[in-house]
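# Coordinate inspection notes
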Amino acid sequence: MQSSTDNTVSTTYGGSSDKPVAADYDGDGKSDIALWRNSNTTFYVVASSNGSSSSTSYGNSGDEPVPGDYDGDGKADIAVWRSGNATWYILKTTTNSTYSEQFGISTDTPVRNDYDADAQCDIAVWRGVESSSGAGDVGRWYIKKSGDGNTRTDRESPETRPFRLTSEDSTRR
C-alpha cells in the first residue's frame, strides 16, 4: 500500500528464485522495486522517480545482497556480502568504484543498517549463539560504525534478537 495515496499497488517483477532488495537507488526518497538474481549475479532496479529499469552485474553466485547507502549520498549502493571469505563488496554510487572490507566470519548473518545515525549504512553482522563467561548463550552483534570506524559489540539472547539497536542499547550492556 502506498502511504501517500492509501492505494494498493501490484507490480509483476522478477522470478520465484529472485531475492527482493528494495531500497532508494535513485535518491528520490522512495524505495525502488529491485531484486537480486543469484543465477546471473545481477541487481535489477525499477526507479520510482521515472519507472526506468536498470541492471548491474555484481558479485558472485552465493553472495548475500546487502544494498544500502554506505557513502551517504542519499542513494543505495549495490553491495554483497560473501560468506566464504566474510568480505563486504560495495559498489559506491559516488565513485562507481568497489570498496571491500573483511568483517565477520563465514557463519555470521549480515545486518547492515545505520546504527550510529550519521545517514550512512554501517557494516554489521550478527553471530548466532556464543558462550560468554557468566552470561550463558547469547547472540552477538558486531557493528563497524561508519562515523568513526570503531567496532561496537552488543549481546542479545537468541530469543530476543532485535531488528535494530540504538546507541542507548550499547550503553545498557
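Predicted model, so just to flag it, every value in this text is computed and none were measured. (Residues numbered from 1 in each chain as written. Predicted model: local features only at pLDDT ≥ 70, side-chain atom pairs only at ≥ 80, totals over all residues. Heavy atoms only, no water.)

## Re the overall build of the chain
What counts here: To qualify as a helix, a DSSP run of H or I must reach at least 4 residues; to qualify as a strand, a run of E must reach at least 2; elements of each kind are numbered from the N terminus. The contact rule is simple, with two residues in contact once any of their heavy atoms fall within 4.5 Å. Each accessible area is a Shrake-Rupley estimate made with a 1.4 Å probe; only the visible protein chains count as cover when residues are assessed.
Scanning the chain from N- to C-terminus turns up one helix and 12 strands. Of the contacts formed within the chain by residues at least 6 apart in sequence, a portion of 24% connects residues at least 24 apart. As displayed, the chain has an accessible area near 9,500 Å², and 45% of this comes from carbon and sulfur atoms.

## Observations regarding the sheet that holds strand β8 (residues 97–102)
This is how the line gets drawn: Criterion used throughout: strands pair if DSSP finds at least two bridges between them.
Sheet architecture is open: four strands sit in the order β5-β6-β7-β8, paired in antiparallel fashion. Each having just a single partner strand, β5 (64–65) and β8 make up the two edges of the open sheet. Relative to strand β6 (residues 78–82), β5 runs antiparallel, the two being bridged by two bridges. The residue bridging Pro 65 from the neighbouring strand is Val 80, located in β6.

## Points about the environment of Gly 27
Looking at where Gly 27 falls in the secondary structure, it is placed in the loop between β1 (19–20) and β2 (33–37). Taking the C-alpha atoms as reference points, Gly 27 and Ser 49, 22 residues apart in sequence, are found 8.5 Å from one another.

## Notes on the nonpolar core
Across soluble globular proteins, nonpolar side chains show a tendency to be buried alongside one another. For the record, the criterion: Nine residue types can take part in a nonpolar core, namely buried Ala, Val, Leu, Ile, Met, Phe, Trp, Tyr and Cys, and a core is a set of them joined through side-chain atoms within 4.5 Å. Relative accessibility decides the category of a residue: with a 1.4 Å probe and only protein chains considered, values under 20% of the type maximum give buried, values over 50% give exposed, and everything between is partly exposed.
Counting residues in each nonpolar core, the largest one holds 13 residues, and the members touching the most others are Val 21, Tyr 25, Phe 43, Tyr 58, Ile 78 and Val 80. Ranked by size, the runner-up nonpolar core spans 12 residues in total, among them Trp 81, Trp 88, Ile 123 and Tyr 142.

## A look at the packing of aromatic side chains
Selection criterion: Geometry of aromatic contacts follows a simple scheme: Phe, Tyr and Trp rings, the Trp one being its six-membered ring, pair when their centres are within 6.5 Å, and the pair is stacked under 30 degrees between planes, edge-to-face over 60, tilted otherwise. In our convention, an over-ring charge means Lys NZ or Arg CZ found within 6 Å of a ring centre and within 35 degrees of that ring's normal.
This model, assessed by the stated rule, comprises three aromatic pairs. Stacked on the ring of Tyr 99, the Lys or Arg Lys 92 has its end atom at 5.0 Å from the ring centre.

## Considering the sheet that holds β1
Sheets are built from strands paired through backbone hydrogen bonds, the pairs being either parallel or antiparallel. Strand order in this open sheet of four strands is β1-β2-β3-β4, and the pairing throughout is antiparallel. Of all the strands in the sheet, just β1 and β4 (53–57) have a single pairing partner and so form its edges. Where β1 and β2 come together, two bridges link them in antiparallel fashion. Each bridged residue has a counterpart across the sheet, and for Pro 20 the counterpart in β2 is Leu 35.

## Re the side chain of Asp 122
The condition that has to hold: We call two N or O atoms a polar contact when they sit within 3.5 Å, provided that within protein one can donate a hydrogen and the other can accept it, with sequence-adjacent residues counted only if both atoms are side-chain atoms.
Assignment of secondary structure puts Asp 122 in the loop between β9 (109–110) and β10 (123–132). Judged by its relative accessible area of 0%, Asp 122 falls in the buried class. Only 2.6 Å separates the side chain of Asp 122 from the backbone nitrogen of Tyr 115, close enough to count as a polar contact. Other than its neighbours up to four places away in sequence, Asp 122 contacts Tyr 70, Arg 112, Asn 113, Asp 114, Tyr 115, Asp 116, Ile 143, Lys 144, Lys 145 and Ser 146.

## Side note on the pairing of β8
By the bridge criterion, six bridges tie strand β7 (residues 87–92) to β8 in an arrangement that is antiparallel. From the neighbouring strand, Thr 87 faces β8, where its bridge partner is Gln 102. A loop of four residues connects β7 with β8, the two strands running antiparallel in sequence, and Asn 96 in this loop sits at a positive phi of about 55 degrees.

## Looking at unusual backbone geometry
Trans is the prevailing form of peptide bonds, just as negative phi is the prevailing case for residues other than glycine. Residue Asn 96 is not a glycine yet carries a positive backbone phi of 55 degrees. Relative to the assigned elements, Asn 96 resides in the loop between β7 and β8. Owing to a relative accessible area of 62%, Asn 96 belongs among the exposed residues under this scheme. Backbone geometry places Ala 119, a non-glycine residue, at a positive phi of 65 degrees. With respect to the helices, strands and loops of the structure, Ala 119 is situated in the loop between β9 and β10.

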